[in-house]
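Letter by letter, the chains look like this.
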Amino acid sequence: MALTIEVVIIILKARDDEDQAESQQPAGTEDETEDLLLDDDGKLTRPLKARYVPFKERLEKENQIYYIPSVNGVDFSQKTEDTKAEPRLLEDEGFYVGDQPAVTTRNIRFIEERISKQANKGTKWFDQGGRLKYLADPLKQKVTRPVIALFKDDEESSLKLDYHLLTLLQPIVTSQDSYVKSNAKESQDYQLDINLSSLTFTHHPLMSHEHVFHFRILRQYYEYCQRKKGNTANYYTGKLQALKEAIFNLQHVIKSHHSEDIIAIQATDRLKDYKFEVSNVRRMRDSEDYKDRSLIKSMITTWNELKQLREKQGYANTSTKLIMHKKIVDKKEDAVKWDKEIKDELEEAREFFDEEYQEKLANYKKELKEWKRKNKGKKRRKKRKQRQQQDEENPAEDEVVGTDLFKPVPPDNFNEQQALIEIKENAIKCRRRPGEAILFPELVNTVPISPTSKCPKAEAQRRREVQEWHAYIRILFNDNEVHRSATKALTGDFNIHFGEICKAKIIQWPENIKLELYEAGIISSRLIAQVFIPPPNSMSHAGLNPEPEAFQFSSDLKISYNHTGVGAGVSVTATGSEHPMTLLMSGDIYSNVVWSVDENGCPMMPAIPSVSKEKQAMQRVDAVAAIGARGIIDIQKLMDWIVQSRLDPNDPANDSLLDILRACGVSPDGKVYLPDYFRLNSLSHESDLGTEEDIDKSKRFKILKLRSQEASEFRNLKQVPIRDIDIPDDILRDYYKRLEEDEKVDLTALSHRERVNRFLSKVREEVLQRSRIAQRQYQLSDVVREDFLPDIGTLGASVGQLLKPRRPLRPVRKERKKIAAQHLGMMNVKILVNVVRAFDIPIRKNHPRYTEDMLYVNEIMTISDDQTQSTMRHDNTTDIRGIRNLDAEELQTEVQVRPFVEVMFQRNIRRTEVADGPNPAWNQQIVMPFRAPHDDYSSNNLMTVNDDIYFNLFDEEVIDMLSDDRERGTNIHRRKERHWLGSIRIPFSTLYTNSRIEGSFRINSPTVLLGYSHAKSAQVESGQALLDVGKGSRSQTYLSMFVTIEPPLAPPPSIKEKVSLFDSKEDIKLLKYSQTWLNEFESKFSNREINILVTDINGMSVFVTRYITPQNPPVEVYQEGVEPTLENSETVARFVSLIPFISDSVSFAGLCDIWSTSSQFLQMLAGDEEEHAVLLCNYFLYMGKKAWIALGMGIPEGSTAYVVSEEANGDFMFWNASTGDHFRQHDAHCPLQSIGCLIGRDNVYANIQSNDIPSRMSMDTTNTKLWKPFFNSSFPYPGLSSVQEETLVYHATDSNYVGELEERIELVLKESIMSWRRRFVTRWNRYDYKLRLYFELLEESRRNASEERHLNELSHILDSYKLSGFPIHMPYTDIEPVIDAVYSTGVHTVESPDVEFALATHIHAYPNSVLSLWIYVGTVTKISSA
Amino acid sequence: MAAPMNSPVFYLFVTGQIETAYFPEFNDLFAKYTFVYGQDWVVTAGLEEGITQTTRKSFDGKQLFIWNFPLNITFKSTNPFGWPQLVLSVYGQDVFGNDVVRGNGAIHIPISPGSHVREVPMFVPESSSQLQKLTSWLLGRRPDYVDPTIVAQSEGREVTRVRSQGSIKVIFNVNMMDLRTMGYDNGAGSSITTNATTQANTTLNMTATTPR
């Protein structure tokens, strides 16, 4: 194509030139200016005008240049230079040329013509055939887009899907690699034919007794037939005969030859062998004979039994009949044979004996010789000895006497008689006696089976059941079910024919093939037996048509029936025989497993791997395991074999076996035994980081180990250094030192406080260990927060909420959302205190100074009244008078107090405004800042905050300071003084665990408040008022308030439920019962406090009543035998209350409540409500009172324990054991708000009354409708032993120590006060000693109420001084809280210049270092004589 | 006891992104993350906790949530035990506008330096019963972990039943300092070459012995 175009273009070009030449002609004539131009290349050019060439001329010229090829084609000769050359056609010579692109011949000729005109005739362009060279067509003849064949008829079929069997192309290779390796080339299927042919029961529970005999006789007959076929007895008889002949021949040979001849010697040897053989064969024949005989015998007995049974039961189940054919024999002939046989045997025996005899005789002679020789020597020695004994008595020679030799016994001669008897006996036992007929048994099925209608009921039922009995077989291939046969019924002769072939396509190597026989039931099937079938070897495939083999099975199922079926696995006595027999269900399954054959007749089986991978892997690790992998039954035998076969130790193939040898030990008696251990994981060594010693040596590892064990020193250790050298040695040293000390140190040598601390930390450690286990046991609620399912009750309540009348004037507090500690971050945590009001604040008493003042004021007032002259003046005076009048009024009414509340927490102080009167209402909110130690707001840390919140009630007194009355008109100069009236102390832990505290709290006012009295008791004589020491609660001050934390902190997770997870020594039955009892109670009264299983100091849960038992109070407090009065009780309670209070939540942060026993409590001298209550309750019981512990809610402590005692008058008293206060049951101000349960000495009573407020409850525990007892008639009290010690031992407190302590406290306090008021001079009054005396009185007064005479001492001081102060009383624990308590009273804030301070301390020591600390602080101002 | 000043530590620098999330059933999600690490680890720089913006599902076929929320934190430690984990919890709003947990998941920070892309499977605890499931759906208070960091520990997990919800793709760029000098080989950097040389040595030995 391109060639044509080219030619055409040439032609066209020629034409164009002509046209241009013509058109340019006129233009050329116009422009003839000649210019030489310099072109870009620097050549001179001259532009010329176009010249016109005439057409003809031009044609001529063109004809000279142009050549127009013809289309006639060129000859071959023109195409080559070699003129002689013949065209050579490659095609004809058989070369592949390929298709050439289609080009028109015209074009080809055209170009051939053109090329051939070239200089060298264009030979390069032509091939040998003279044709143009051009390439074959590069395009492939292929359809690029598939043709969619849409045939009308075939349309649907083309859209249809083809289904193929799923084939697993690449079997998944598991680690075990038990899969059959599929060869990539031959993607074969492997298939097993599992042939289930039939099943025959040899025993079946539904068989009748008759069947049992039937099958027995069948079996025996079968055996008989088998024996007969083999005919072993005859074989042996023949052999015996042949041997005898051989012997006879040999004997002949020996006789004929000389005895020295080689032949004779050989023959003698052979004769010996033959003789031995003969006796062997005879023995064998005898046993065979015996077997035959006994078989026939037993067949006959069985048949007899069967016959008897049939007769007895009157019907037949089986058709078997035994017929005995007799073959009569000639008796004489028999007898001859018999005798000959016996003779032969006797002869043999003799020969045998003779040989032995010769040997023995030779032996004997030898021994005799020896003996004689020795005996002689002995005799000689004896003689010599006798001689020696005469000369010198030397007993040593005695021992030289040789071993005792017995004289050898010559062998017995042959006892013919004896041998004959033995032989005869044997013959009788084994062989047919002469003349006895030969028996041939035959079994026939001729007995008609009785029809069911003629059978008794039981038999009919059995037959029915037989018909109903069905079974099927499951086939399990490598423990996967591959086939389940059809359920088939049992035939009358206890056969089941399955006739199924299961074709199993497999991808796994057949490890085991199991058949499971099931009895098909209506609801469920019962597994009867399992049969393992060996996997087929490579030789067995279906093409060989192998016979099914019998696989025996038996089952130990125990089945028994009411009908005639014998059952299985149970002992039965057949009707015919007397012997009971136990038959197990058994039978044979006829089955086989072979490889399938495909269409071509090739077995479909994989190449068998030489050694399984699993084994190879095992071998590398442990030889014993590798061998054990393929069940070695008797390792001992294997060992013997290894020893015997003397394996080549250098052969690597024996490696694993020799390993066993190495692993085994050799016992002293030369036996090889296997080690009595086995390795669980032989690879565990390899994952060890280092040797034990390395780890032990490393300090770092040690610390890490201890940290994970949560040892207290290391529990919170962070960033354990990575190198050992960076770890200071002393860390571990301290730890070990502590461990040593814990064990060794004599506890008595330490001061008490240290002892307590050590004890506490020890207990804490112990409990932590145990609780850690419990805490690890998570429940869903610990991990996942999920809403509780609303039940009818809560739904009803929420609906009721909607219907409730709205009371906007009665706001209800909403529950705030708790914030978990981790979300808290650096948030500001505050304590909100809402001080609402107070009741019954003591009022100031009339004071001499005030009376004077009053008179004076009155005077002034009159003066000022007189002087009213100008309005200005008047106004002024009324102003003064206003104040005065106010003061006067206050003074006159005498019920005067200006109280305010000051809250102190972590030394931060906030206060309310001053209110008026003894029953003020503040309604004021106070915000206290709170800082957790180390800024850690996690619950664990917050639990340990040991700070207390103090609420102090003060009376603010305004004192006029104007000394010059003339200034009164113009100046106001007053001083405020505050007088401490009492305080409430709430531990932070209480607030934290309860999240809010609300209610009216009794203010702990000092026993004596000088200058104040309660409004009611104001009329009472002053002396008595002074000594009104917390006896009655009538004149108590109450402060109502509301305290909470803002934002609300999530309370610590309670592990109350987990307590039951702790170990317990209690009886399981008791634990279970208590669980149900508790659940029952808690489902009804979920918010009542109850606890019956408490955790003791070891972290074990203990039943609570074990704590309660009478215990003796110290003698100083209570004398035994004294009538228990209320005062006695108070004294005891006071003693208990003096034991310091430490909340368990503080000492065991994050743990549960721990109940320690009383002796532990007294030893620790610290405990919370329970310990106090337990101790007090036990004291009361000792005193003969009736007492219980009440668990309930109290203010401010939340859940608490009180002691309930029944007084003589039948009244009930509630005792707060940690404060020593007591309340009557109907006391409205009782801080015990609810009671959940009462714990007595031998029972626990749960409160199931509708009300749980003590004052509205009945305390009659015998009423089971109100109090639900734990132990009742259905679960009586098992008599639990007490965990308490029987008698408490008290030791006296060291008086020296107390004295020192007293002084020290006083000193510290004095220093503290001075440091608190730096700006002023602090002077100390010298009347201290008098105060101290007074204290002793106060402590006494606890016991003995009215001792007025001592008061006179004080009144002496009161005469000359204005004494303002109060005694503070507290149990002594540590100096810190004492300082805090003094600080909180604010005594130091008095700024009067002429004030003197008075401070005195007194410690009253009770036994066991229970210290009652009294501090008197006060200010003393001299009453000015003016 | 804090480690003495001269005690050597190794550092782990992690930058990265909480990139995308795939939660096919939900929309409008945001994620919280926090790092959980052992006792011997200290955060020296960077934010330990954070919360992402709320994002909507993309409209293309991928339906991904894109946060591209950067992570940047540096740890120092003396012990590889307690290697830091990133704990993620995803929240979204349900039909009633309650914030509902959509997934929790945790993943260890890769232990080798380099850039790593990690897919964190996310799951939520299941209600303990069908009825609870219904009520929790109605009330919009699905069961949630009391402490989301529990997914980073193995203790106590056995009591929960969880359901898979989706996944989050996180990119970590990890850098380390001094881990090798402490004697820990995490197969990174120059350690490979040393391995290679030792291997070469052994092969040399082998060839030396085999001819005999």
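- Under an unreviewed UniProt entry, chain B has the name B9 domain-containing protein 1 and belongs to Trichoplax adhaerens.
- Looking at chain B in UniProt, the text filed under Subcellular location (unreviewed entry) is "Cytoplasm, Cytoskeleton, Cilium basal body".

- In the annotation of an unreviewed UniProt entry, chain A is listed under the name C2 domain-containing protein and assigned to Trichoplax adhaerens.

Quick look at the overall build of chain B
Working step 1: For chain B, the count of helices and strands is 2 helices and 10 strands.
Working step 2: The secondary structure elements of chain B, listed N-terminal to C-terminal, are β-β-β-β-β-β-β-β-α-β-β-α.
Working step 3: Within chain B, the fraction of its 212 residues that count as buried is 43%.
Working step 4: Of the contacts formed within chain B by residues at least 6 apart in sequence, a portion of 75% connects residues at least 24 apart.
Working step 5: With an accessible surface of roughly 11,000 Å², chain B has 56% of that area assigned to carbon and sulfur atoms.

A short note on the sheet that holds strand E12 (residues 549-555) of chain A
Residue and element names in this part refer to chain A.
Working step 1: Read across the sheet, 4 strands follow the order E9-E3-E15-E12 without closing on themselves; strand pairing throughout is antiparallel. Two strands bound the open sheet, and with one partner strand each, they are strand E9 (495-506) and E12. Going from strand to strand, the sheet's axes swing by 25° on average, the running direction of each strand aside.

A word on the environment of alanine 1166 of chain A
Working step 1: Along the chain, the position of alanine 1166 of chain A falls in the loop between helix H30 (1158-1164) and helix H31 (1169-1182).
Working step 2: Setting aside anything within four residues of it in sequence, one finds alanine 1166 of chain A in contact with Ile1139, Pro1140, Ile1142 and Phe1161 of chain A.

What to know about the packing of aromatic side chains
Working step 1: For the coordinates displayed, the defined rule picks out 42 aromatic pairs over all chains.
Working step 2: Each ring, one from phenylalanine 1180 of chain A and one from tryptophan 1215 of chain A, has its centre 5.0 Å from the other, and the planes form 65°; the classification is edge-to-face. Remark: tryptophan 1215 of chain A occurs in strand E33 (residues 1212-1216) and phenylalanine 1180 of chain A occurs in helix H31; sequence separation between them is 35 residues. With respect to burial, phenylalanine 1180 of chain A and tryptophan 1215 of chain A carry one shared label: buried.
Working step 3: Centroid distance phenylalanine 10 of chain B to tyrosine 184 of chain B: 6.4 Å. Interplanar angle 65°. Geometry classified as edge-to-face. In this pair, phenylalanine 10 of chain B is assigned in strand E1 (residues 10-22) and tyrosine 184 of chain B in the loop between strand E10 (162-177) and helix H2 (190-209), connecting sequence segments 174 residues apart.
Working step 4: On the accessibility criterion, phenylalanine 10 of chain B (1% relative accessible area) is buried.
Working step 5: Taken together, the ring pairs connect Phe10, Tyr33, Phe35, Tyr37, Trp41, Phe69, Phe75, Trp83 and Tyr184 of chain B into an aromatic cluster.
Working step 6: Directly above the ring of phenylalanine 900 of chain A sits arginine 911 of chain A, whose terminal nitrogen or CZ lies 3.6 Å from the centroid.
Working step 7: Taking the ring centre of tryptophan 1324 of chain A as reference, the NZ or CZ of lysine 1310 of chain A above it sits at 5.2 Å.

Topic: the environment of methionine 207 of chain A
Working step 1: Examined against the element boundaries, methionine 207 of chain A turns out to sit in the loop between strand E3 (190-203) and helix H6 (209-230).
Working step 2: For the pair formed by methionine 207 of chain A and arginine 463 of chain A, sequence separation is 256 residues and the distance between their alpha carbons is 9.0 Å.

Thoughts on the interface of chain A and chain B
Working step 1: Taken together, the contact pairs 29 residues of chain A with 40 residues of chain B.
Working step 2: Run the count over chain A and chain B and you get 1 salt bridge.
Working step 3: On inspection of chain A and its partner chain B, the count reaches 11 residue pairs in polar contact (both at pLDDT 80 or more).
Working step 4: Those elements that provide at least two residues to the side of chain A that touches chain B are helix H17 (699-708), helix H20 (780-783) and strand E18 (784-785) of chain A.

Observations regarding unusual backbone geometry
Working step 1: One non-glycine residue, asparagine 923 of chain A, lies in positive phi territory at about 55°.
Working step 2: Here asparagine 923 of chain A shows up in strand E23 (residues 921-930).
Working step 3: Residue asparagine 68 of chain B is not a glycine yet carries a positive backbone phi of 50°.
Working step 4: Note on placement: asparagine 68 of chain B falls in strand E5 (residues 65-77).
Working step 5: Of the residues examined, asparagine 68 of chain B reaches a relative accessible area of 38% and is grouped as partly exposed.

What counts, and where the lines are drawn
Residue indices begin from 1 for each chain and proceed along its sequence in written order. Think of it this way: whatever chain is written first is A, whatever ligand is written first is 1, and the rest follow in order. Totals for whole chains, interfaces and linings use every residue, but because this is a predicted model, local features are given only for residues with pLDDT of at least 70 and side-chain atom pairs only at 80 or more, for both listing and counting. With hydrogens and water set aside, each side-chain value is computed from the structure's full complement of heavy atoms. UniProt positions are given in the numbering used here, feature names are shortened, and annotations may be inferred rather than shown by experiment. Elements are defined by DSSP. Helices are runs of H or I of four residues or more, strands are runs of E of two residues or more, and each kind is numbered from the N terminus. Exposure is judged per residue with a 1.4 Å probe applied to protein chains only, and the accessible area is read against the type maximum: over 50% gives exposed, under 20% gives buried, and values in between give partly exposed. By definition, residues are in contact when any of their heavy atoms lie within 4.5 Å. Using a 1.4 Å probe, accessible areas were evaluated by the Shrake-Rupley method; residue-level cover was limited to the displayed protein chains. Paired strands, in this sense, are two strands between which DSSP finds at least two bridges. Fitted lines through C-alpha atoms serve as axes, helices being fitted only where they are in contact, and the angles separating the N-to-C directions of these axes extend from 0 to 180 degrees. Two aromatic rings from Phe, Tyr or Trp, using only the six-membered ring of Trp, form a pair when their centres are within 6.5 Å; if the ring planes differ by under 30 degrees the pair is stacked, by over 60 it is edge-to-face, and anything between is tilted. Distance and angle both matter: a charge sits over a ring if NZ of Lys or CZ of Arg is within 6 Å of the ring centre and within 35 degrees of the ring normal. A side-chain nitrogen of Lys or Arg and a carboxyl oxygen of Asp or Glu constitute a salt bridge if their distance falls within 4 Å. Residues adjacent in sequence count toward polar contacts only when both atoms are side-chain atoms; beyond that, a polar contact is any pair of N or O atoms within 3.5 Å, and within protein one must be able to donate a hydrogen and the other to accept it.

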